[in-house]
Amino acid sequence: MTTITEGEFVRIVDGIARDRDSIIKHNPLGTDEEILLWMLLSCLISYLNLTDLETPCFSGKPDADTYRKAVLFVLGDRRHPDFDPVPIIKRLMCALN
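Residues numbered from 1 in each chain as written. Predicted model: local features only at pLDDT ≥ 70, side-chain atom pairs only at ≥ 80, totals over all residues. Heavy atoms only, no water.

Engineer: What exactly am I supposed to notice about the nonpolar core here?
Structural biologist: For soluble globular proteins, the rule of thumb is that nonpolar side chains tend to be buried together. If you look at the biggest cluster of nonpolar residues, it comprises 29 residues, and the most contacted ones within it are Ile4, Phe9, Ile16, Leu40, Leu44 and Leu92. If you list the elements that add at least two residues to this core, you get α1 (6-18), α2 (20-25), α3 (32-47), α4 (64-75) and α5 (86-94). Looking at this core element by element, the count peaks at seven residues for α3. For Phe9, the residues in contact, after removing those within four places along its chain, are Ile4, Leu40, Leu44, Leu75, Phe83, Pro85, Ile88 and Ile89. (Core = buried A, V, L, I, M, F, W, Y, C linked by side-chain atoms within 4.5 Å. Buried < 20%, exposed > 50% of the residue type's maximum accessible area, 1.4 Å probe, protein only. Helix = DSSP H or I, 4+ residues; strand = E, 2+ residues; numbered from the N terminus. Contact = heavy atoms within 4.5 Å.)

Okay, structure coming up:
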């Protein structure tokens, strides 16, 4: 199983924050928060080499909370060493202001 360090997670989040205007511009469906969390989830799925069976599936239209929970689920026990991703994700959301 591929793991992720806090430093690498921060690097991914910071990259999304830096590119937020372009990401939002080219993904106009959903709120800005939903778009950035969707991008973070997509990056983690790729970075962690998740299989289709490990990738979260959604019923209905996902919202920001759905994506946030999916990010935390994907990180699960793949954080090495263990770290708290919540403040890092909050920092990404602060980049919207």
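More follows now that the structure is in view.
Engineer: How should I be thinking about the environment of Leu75 in this particular structure?
Structural biologist: Mapped onto the secondary structure, Leu75 falls in helix α4. Judged by its relative accessible area of 0%, Leu75 is buried. When the C-alpha positions of Leu75 and Val10 are compared, they lie 13 Å apart, and in sequence the two are 65 residues distant. Contact partners of Leu75, with chain neighbours within four places excluded, come to Ile4, Phe9, Leu44 and Pro85.

Engineer: How should the environment of Leu53 be read in this particular structure?
Structural biologist: Secondary-structure assignment places Leu53 in the loop between α3 and α4. On the accessibility criterion, Leu53 (86% relative accessible area) is exposed. A sequence separation of 34 residues divides Leu53 from Pro87, and the C-alpha atoms of the two residues are 28 Å apart.

Engineer: It is not clear to me how the packing of α1 against α3 should be interpreted in this structure. Could you clarify?
Structural biologist: In a pair of packed helices, the angle between the axes and the distance between the axes together describe the arrangement. Here α1 crosses α3 at 140°, and the two axes come no closer than 10 Å. One element, α1, and the other, α3, form an angle in the oblique class. The chirality of how α1 crosses α3 is right-handed. The segment α1 lies against α3, with Glu8, Phe9, Ile12, Val13 and Ile16 engaging Leu36, Met39, Leu40, Cys43, Leu44 and Tyr47. Across the contact of α1 with α3, the residue classes tally to 10 nonpolar, no polar and one charged. (Axes fitted to C-alpha atoms, helices over the stretch in contact; angles between N-to-C directions. Parallel < 35°, antiparallel > 145°, perpendicular 65-115°, else oblique. Left-handed = near helix turned anticlockwise from the far one by under 90°. Nonpolar A, V, L, I, M, F, W, Y, C, P; charged D, E, K, R; others polar.)

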